[in-house]
Amino acid sequence: MRNAFADEILKIARTKPELVLVTADIGNRLFDSFKAEFPDRFLNCGVAEANMTGVAAGMASQGLKALTYTITPFATTRCLEQIRVDLCYHNLPVIVCGVGSGYSYGALGATHHACEDISLLRSLPNMAVVCPGDPLEVRALLRAAVEWPTPLYLRLGKKGEPEVHDGVPALTIGRAMVLKPGSECCILSTGSTLPLAIEAAGRIGNCEVVSFHTVKPLDEDYLTHALQRFPLVVTLEEHSLIGGLGSAVAEWMVDRGPCATRLLRVGSPDRFIKKCGETEYIHEQIGLTAQSIVERVQEARRALDRKG
């Protein structure tokens, strides 16, 4: 995803002279082409993420389109106060880009794991939260993000994520995309779990797969449609079950009123992962695998059958 981001932001910069990229001592080689072409529109603030956020806020207040970019926990939790006060309070259209979300930096331990960021940022007024599902969605949503009028959090994976789409999809922030139609249940996936959702759905059969790339604002039209069609709706995310997509959908369902649809939330547990390893290893430890998803969906469907 980060390579797609670097390539796409350079292309966008050629058409938007007001765009400025602000980093925190990361991506130096990744952005070599950007720096060579636009040396006065790239700023490395060093290991000073709070300052980076404040600098971006100042730029945005003067009419520039600023993007901050660094590893997710450093782009979000480390400077949450600055995001809240400098960006959201003043409603400045800065894009906060977090790379290596979830367990993308799994082997580096809890300091580099990022499974609370959606929860934190979606609770901030004026902040949109966007989580691309593959490198092609990164390109589509980055194009949309630079036109977004308020603060926006762009949650990226790291590298090596498979491409789900055949080409860059036509995505709109706040509008989910159905990738695989179905009629018996559906999986709403946000972020880099999208290939996992497609794999699991293929084993389940007659299961709709949806790229729910925008966690805030939610696509309430699709959710209303899903609750009318499916007895079982599954949310899938590489994020804590507290405060992520599953929580957002559950909150929406409660506010909407009683319904017969069962919601199954699949995500990261409420604990730190202390036995570190690569992303796939951590997924095995916490049950974030296609087989585990299939088993949980099958159990939920059996429970619905017994109840019905």
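Let me sum up the structure you'll find in this document. It should be emphasised that the depicted structure is a prediction, and the values quoted were computed from it without experimental measurement. (Residues numbered from 1 in each chain as written. Predicted model: local features only at pLDDT ≥ 70, side-chain atom pairs only at ≥ 80, totals over all residues. Heavy atoms only, no water.)

**Observations regarding the nonpolar core**
So, step 1. In terms of nonpolar packing, the biggest core is built from 43 residues, with I83, M127, V129, L188, F212, Y222 and V233 touching the most fellow members.
So, step 2. At the level of elements, β1 (19-23), α3 (49-61), α5 (80-88), α6 (117-122), β8 (185-189), α9 (220-229) and α10 (245-256) are the ones that each hand at least two residues to this core.
So, step 3. Ignoring any residue separated from it by four or fewer positions in sequence, one finds M127 in contact with I83, C88, L121, P151, L152, Y153 and K216.
So, step 4. Ranked by size, the runner-up nonpolar core spans 36 residues in total, among them F74, V99, L154 and L171. (Core = buried A, V, L, I, M, F, W, Y, C linked by side-chain atoms within 4.5 Å. Buried < 20%, exposed > 50% of the residue type's maximum accessible area, 1.4 Å probe, protein only. Helix = DSSP H or I, 4+ residues; strand = E, 2+ residues; numbered from the N terminus. Contact = heavy atoms within 4.5 Å.)

**Remarks on the side chain of K65**
So, step 1. When you line up the elements, K65 lands in strand β3 (residues 65-71).
So, step 2. No salt bridge is formed by the buried K65, whose closest oppositely charged neighbour, E147, lies at an N-O distance of 7.5 Å.
So, step 3. Apart from residues lying up to four places away in sequence, K65 is in contact with E18, L19, V20, P93, I95, A145, V146 and W148. (Lys, Arg positive; Asp, Glu negative; His and termini not counted. Salt bridge = Lys/Arg side-chain N within 4 Å of Asp/Glu carboxyl O.)

**Section: the pairing of strand β11 (residues 232-240)**
So, step 1. Extensive coverage of β11 is indicated by the burial of 9 of its 9 residues.
So, step 2. Sheet analysis places β11 next to strand β12 (residues 262-268), joined by 6 bridges and oriented parallel. Across the sheet, the residue bridging to S240 is S268, located in β12.
So, step 3. For the crossover from β11 across α10 to β12, the handedness is right-handed. (Pairing = 2+ DSSP bridges. Right-handed = clockwise from strand over helix to strand, strands pointing away.)

**Here's the deal with the environment of G174**
So, step 1. Topologically, G174 is positioned in the loop between β6 (152-155) and β7 (177-180).
So, step 2. Take G174: its relative accessible area is 3%, and that puts it in the buried class.
So, step 3. In sequence terms G174 and L218 are 44 residues apart; their C-alpha atoms lie 5.8 Å from each other.
So, step 4. With sequence-adjacent residues up to four places away left out, G174 is seen in contact with H213, T214, P217, L218 and D219.

**Details of the layout of surface pockets**
So, step 1. Here the largest pocket is characterised by a volume of approximately 590 Å³.
So, step 2. What lines the largest pocket is a set of 25 residues, and nearest its centre among them are E161, E238, T279, E280 and H283.
So, step 3. Elements with a minimum of two residues in the lining of the largest pocket: α8 (194-204) and α11 (279-286).
So, step 4. Among the elements that take part in the lining of the largest pocket, α11 stands out by supplying 4 residues, more than any other.
So, step 5. Broken down by class, the residue content of the lining of the largest pocket amounts to 8 nonpolar, 9 polar and 8 charged. (1 Å grid on protein atoms, 1.4 Å probe; cavity = no way out; pocket = protein on both sides within 12 Å on 5 of 7 lines; lining within 4 Å. Points joined across faces, edges and corners; volume = space filled by probe spheres on them. Nonpolar A, V, L, I, M, F, W, Y, C, P; charged D, E, K, R; others polar.)

**So, the side chain of T289**
So, step 1. Structurally, the position occupied by T289 is in the loop between α11 and α12 (290-307).
So, step 2. Residue classification places T289 among the buried residues on the basis of a relative accessible area of 17%.

**Points about the pairing of β3**
So, step 1. Burial of β3 is extensive: 7 of the 7 residues sit out of reach of the surface.
So, step 2. Bridging between β1 and β3 involves 5 bridges; their strand directions are parallel. Within β3, the residue paired with L21 across the bridge is L67.

**Quick word on empty space enclosed by the protein**
So, step 1. Scanning the model with the defined rule gives 1 cavity of 30 Å³ or more in all.
So, step 2. Forming the boundary of the largest cavity are M1, S101, G102, P132, R155, L156, G157, G191, S192 and E238.
So, step 3. Of the residues belonging to the lining of the largest cavity, the class tally is 3 nonpolar, 5 polar and 2 charged.

**Section: unusual backbone geometry**
So, step 1. Cis geometry marks the peptide bond from K216 to P217; its omega dihedral reads 5°.
So, step 2. With respect to the helices and strands, P217 occurs in the loop between β10 (214-216) and α9.
So, step 3. The backbone phi angle of D25 is positive, close to 60°, even though this residue is not glycine.
So, step 4. Relative to the elements of secondary structure, D25 occurs in the loop between β1 and α2 (32-37).

**Structural notes on the packing of α9 against α10**
So, step 1. Orientation of α9 relative to α10, taken along the N-to-C sense of each, is 70°, at an axis distance of 12 Å. The orientation of α9 with respect to α10, classified from their angle, is roughly perpendicular. Two secondary-structure elements touch here, α9 through E220, L223, T224 and L227 and α10 through V249, W252, M253 and R256.
So, step 2. The residue inventory of the contact of α9 with α10, partitioned by class, reads 5 nonpolar, 1 polar and 2 charged. (Axes fitted to C-alpha atoms, helices over the stretch in contact; angles between N-to-C directions. Parallel < 35°, antiparallel > 145°, perpendicular 65-115°, else oblique.)

**So, α9**
So, step 1. Of the positions making up α9, those classed as buried are Y222, L223, A226 and L227. For α9, the angular spread of buried residues about the axis comes to 135°, placing them on one side. Exposed residues pointing more than 90 degrees away from the buried face of α9 are listed as D221 and Q228.
So, step 2. Buried-residue contacts for α9 involve β7, β8, β9 (207-211), β11 and α10.
So, step 3. Among the residues of α9, the N-terminal cap falls to D219, whose side-chain oxygen and the backbone nitrogen of D221 are separated by 3.3 Å. (Arc of directions from axis to C-beta. Polar contact = N/O pair within 3.5 Å; in protein donor to acceptor, adjacent residues only side chain to side chain.)

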